[in-house]
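Overview (structure and organization)
Letter by letter, the chains look like this.
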Amino acid sequence: MTAGVDLDNVCADFGTFRAVDRVNVNIQPGEFFSFLGPSGCGKTTILRMISGFTNPSEGVIRIGGKDMKNTRPNQRPTALIFQNLALFPLMPVWENIAFGLEVRGVDKNTRRAKAEELLRLVDLPDAADKRVSQLSGGQKQRVAIARALAVEPDVMLLDEPLSALDLKLRQHMRAELRAIQKRTQVTFIYITHDQGEALAMSDRVGVMSQGKLQQVATPREIYDAPANGFVASFVGENNIFSGEVAGAEGAFATFRTASGTFQARLGPNTTGAKTRLFLRPEHVTLQAGPGALNSIPVEVTDVAFEGNFISIQSRDSSGQMLVAEARNDGAATVPKPGEKLHMVFDPAHALILAGDTAAKDPDA
Amino acid sequence: MKDLLNRYGPVLTSIFILLTAFWLLALVILPNIYLFENSFRPYLPIAEVGGPNDTYSFDNYLKFFESPIHIRVFIWTILYSSIVTVICFIIAYPLAYYLAKVADLKLVPTLFLLLFIPLWVSEILRSFAWFIILSLKGPLNFGLIGLGIIEDPIRWMTGFRSVMIGLVYTYVLFMLFPVYNAVQSLDTNQIEASEDLGAPWWRTHWRVILPHCKPGIASGSVTVFMLSAGSILVPTLLASTNSRWFTEIIQQWMFESQDWNTGSAYAFLLLIICTVFVSLVMRIFKVKLSDIAK
């Protein structure tokens, strides 16, 4: 079984503080949906409202079309994986997994069999009788997933479950979660501040800031066509220019900045708003001579070799710091600090967007 | 030791250690050794002390086993102390859970203060207060009759019920605090995880919260049980002719019969048998001594 989740104008207030502000989203049955945002943006509150531990102060939450207003967490067809996993330390692994079945009055032999089956699914076939404290971080993770799957939820809710793991394991668990989701067809709602996780795993991503849903789209659209300055700056790296639109022509506009006047693509809701120009580091090229269009003379200040790409820091005549990324194809010539070059970019890759930028979360 | 020396210098350090040693030795160990030694000697006129009749034996201990009344009183004491312990737990557990997990954080210090204030009044006064409350024409009967719950006044102070009321009132906080600490140390996510997996509230308590609190409950229970079994004040004030506490018998031996030797033997019997009883109960509930020390 799998079910969609509809959030209809959902708000959450804590005293005078509005943690979640009019969130509207329809999450499809079987979808892998992520809420992405900096800490304190309200994404965990949304998860707690879907699981039933917090009541929305306004709005309606429907799971499988049914209003969840008076349904207690233990009656909802959801299973929550906590950030700290919240495994029961006093029960052996198999009892942890079978707890949801025990509660439902399933007899012991069936419970044990089901727990072992789920342990095989999460690739921990010999862990049934171990204590939780004997498991490694990644193994605990799997047990938590198995425990949640055991109750055969229609919707699985995950609250940054990978944040405690080291990088390699995190990447491995990402793929694993994705595979489990595909196999079980359960709707996954995933909360994270890690854009890499959200982009790599999700069918759709909802980017949140200050309680508001900023954009809901596929990972590709979020990255390539962000709806506003917050989304653009929170997801991925950018060169950001302050300035103003000097004249628009269809989808494109002339944008005047301290670094020069550029041709760029006009984003949504930009008329009359305060706008900025966003330019991804991988969409600029550094060349010896000036380009015909969108060309900035710069001086290279620093070069960082990142392995698969080379990150080049430079400064233009207005003092603005700019970043360019070149793919390391083994043949690229690496500029040296002090070198004077020209930064050139295609108008199609420069976006004019409205709204504030994100103060970067140091964890992200 | 070295830290202590570095911090306070040799003079203060020696004073601390000597004071602690004095307290342990002179006020705890020596009196106990004195009583222990005496418990094996017969009760003799002063002139015969140290004489040929003053020999070690188990006679004082055997007196207990030869007296069915004393054995019965002892069993009552253990039984009713156990009941007091259970009642204390039944009262303290919901309260501890409320204070640790439900109550508004801002309210908790006030609630604790309210719980503490009765402790500032001496045990004697509190027991006397209950004596007044429970007396035949006391406020409790007056109130119950006034509310129309009962027609005739109830004789509260008969049997063990007034003793139990007094003991529960006196020692319930010794149960509350360890249990509160235990509940408080439980990650709230565990409670929510249990509920999220479909558990009704009682099963969450039974499978998640209570097992976690076991060491706290054990430590509170041992304290309440030992204090109740060893209490002299409450039974003296609140017991009636048909309810006697074992400590009263020890007191009779020591102060009415002036027989400190038998009194000592009885006191050690109380200590030893209670310790054995507590160890047995701990074994049944699979609690280790090291769990309690946490």
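Presented here is an overview of the structure given in this document. Quick caveat, the model's predicted, so the values are computed rather than measured. In every chain, residue numbers begin from 1 and rise along the written sequence. All chains are assigned letters beginning at A, and all ligands numbers beginning at 1, according to the order in which they are written. Where totals are concerned, whole chains, interfaces and linings use all residues; where local detail is concerned, this predicted model gives features only for residues with pLDDT of at least 70, and gives and counts side-chain atom pairs only at 80 or more. Side-chain numbers here rest on the full set of heavy atoms in the structure, without hydrogens or water.

1. As for the overall build of chain A
Helices and strands together make up the secondary structure of chain A, namely eight helices and 20 strands. In terms of principal-axis extent, the alpha carbons of chain A reach across some 75 × 45 × 35 Å. Each residue's exposure class comes from its accessible area (1.4 Å probe, protein chains only) as a fraction of the maximum for that residue type: buried when under 20%, exposed when over 50%, partly exposed otherwise. Looking at chain A as a whole, 50% of its 364 residues qualify as buried. Whether two residues are in contact is decided by their heavy atoms, any of which lying within 4.5 Å being enough. Of all intrachain contacts in chain A linking residues separated by at least 6 positions in sequence, the fraction that spans at least 24 positions is 66%. In this description, accessible areas are obtained by the Shrake-Rupley approach with a 1.4 Å probe, and a residue is regarded as covered only by the protein chains that are shown. Of the roughly 16,300 Å² of accessible surface on chain A, a fraction of 48% belongs to carbon and sulfur atoms. Helical segments are the DSSP runs of H or I of at least four residues, strand segments are the runs of E of at least two, and each set is numbered from the N terminus.

2. Focus on the packing of aromatic side chains
A pair of aromatic rings is counted whenever rings of Phe, Tyr or Trp (Trp by its six-membered ring) have centres within 6.5 Å, and the orientation is called stacked for planes under 30 degrees apart, edge-to-face for over 60 and tilted otherwise. Scanning the entire structure with this criterion turns up 32 aromatic pairs over all chains. Here F36(B) and F40(B) contribute two aromatic rings whose centre-to-centre distance is 5.2 Å and whose plane-to-plane angle is 85°, an arrangement assigned as edge-to-face. Given a relative accessible area of 40%, F36(B) falls into the partly exposed group. An aromatic cluster is present here, built from F64(B), F65(B), F74(B), F246(B), W253(B) and Y266(B) joined pairwise through their rings. Placement of a positive charge over a ring is assigned whenever Lys NZ or Arg CZ falls within 6 Å of the ring centre and within 35 degrees of the normal to the ring plane. It is R147(A) that lies over the ring of F88(A); its NZ or CZ is 4.7 Å from the centre. The ring of W253(B) is capped by K63(B), whose NZ or CZ atom sits 5.3 Å from the centre of that ring.

3. Structural notes on the interface of chain A and chain B
The interface is formed by 25 residues belonging to chain A together with 17 residues belonging to chain B. Here the buried area means the combined drop in accessible surface, using a 1.4 Å probe, for two parts upon being joined, counting both sides. With both sides pooled, the region where chain A packs onto chain B buries about 1,900 Å², and carbon together with sulfur makes up 52% of that total. The largest share of the area that chain A buries against chain B comes from N74(A), F99(A) and V103(A), three residues that together contribute 26% of it. The term salt bridge refers to a side-chain nitrogen of Lys or Arg lying within 4 Å of a carboxyl oxygen of Asp or Glu. In this assembly, chain A and chain B are joined by five salt bridges.

4. Considerations on empty space enclosed by the protein
Think of a 1 Å grid over the protein atoms and nothing else: a 1.4 Å probe that fits but is trapped marks a cavity, an open set flanked by protein within 12 Å on at least five of seven lines marks a pocket, and residues with an atom within 4 Å of a point count as lining. Grid points are joined across faces, edges and corners, and a volume is the space filled by probe spheres set on the points. As enumerated under the stated definition, the model contains one cavity of 30 Å³ or more in all. Each pocket or cavity is described by its volume, and for the largest cavity that value is around 60 Å³. Along the walls of the largest cavity sit L80(A), I81(A), F82(A), L85(A), A144(A), R147(A), A148(A), A193(B), D196(B) and L197(B), which together make up its complete lining. Tallying contributions element by element places helix α4 (residues 137-150) of chain A first for the lining of the largest cavity, with three residues.

5. Section: the environment of T218(A)
All names here are of chain A. Secondary-structure assignment places T218 in the loop between β10 (212-217) and α7 (219-224). When the C-alpha positions of T218 and D203 are compared, they lie 6.0 Å apart, and in sequence the two are 15 residues distant. Leave out the neighbours within four places in its chain, and T218 touches D203 and R204.

6. Quick word on the pattern of salt bridges
Residue and element names in this part refer to chain A. In total, this model carries 22 salt bridges over all chains according to the counting rule given. A salt bridge links D21 to K212; its shortest N-O distance comes to 3.2 Å. Of this pair, D21 sits in strand β2 (residues 17-27) while K212 sits in strand β10, and the two are 191 residues apart along the sequence. Since its relative accessible area comes to 17%, D21 is described here as buried. Taking relative accessible area as the criterion, K212 reaches 43% and is therefore assigned partly exposed. D224 is the salt-bridge partner of R220, the closest N and O atoms lying 2.9 Å from each other. Here R220 and its partner D224 are both found in helix α7, four residues apart, which amounts to about one turn of the helix. Each member of the salt-bridge network shares a partner with another, and the members are D13, R18, D21, R22, E58 and K212.

The quantities given are spatial measurements derived from coordinates; they are silent on function.
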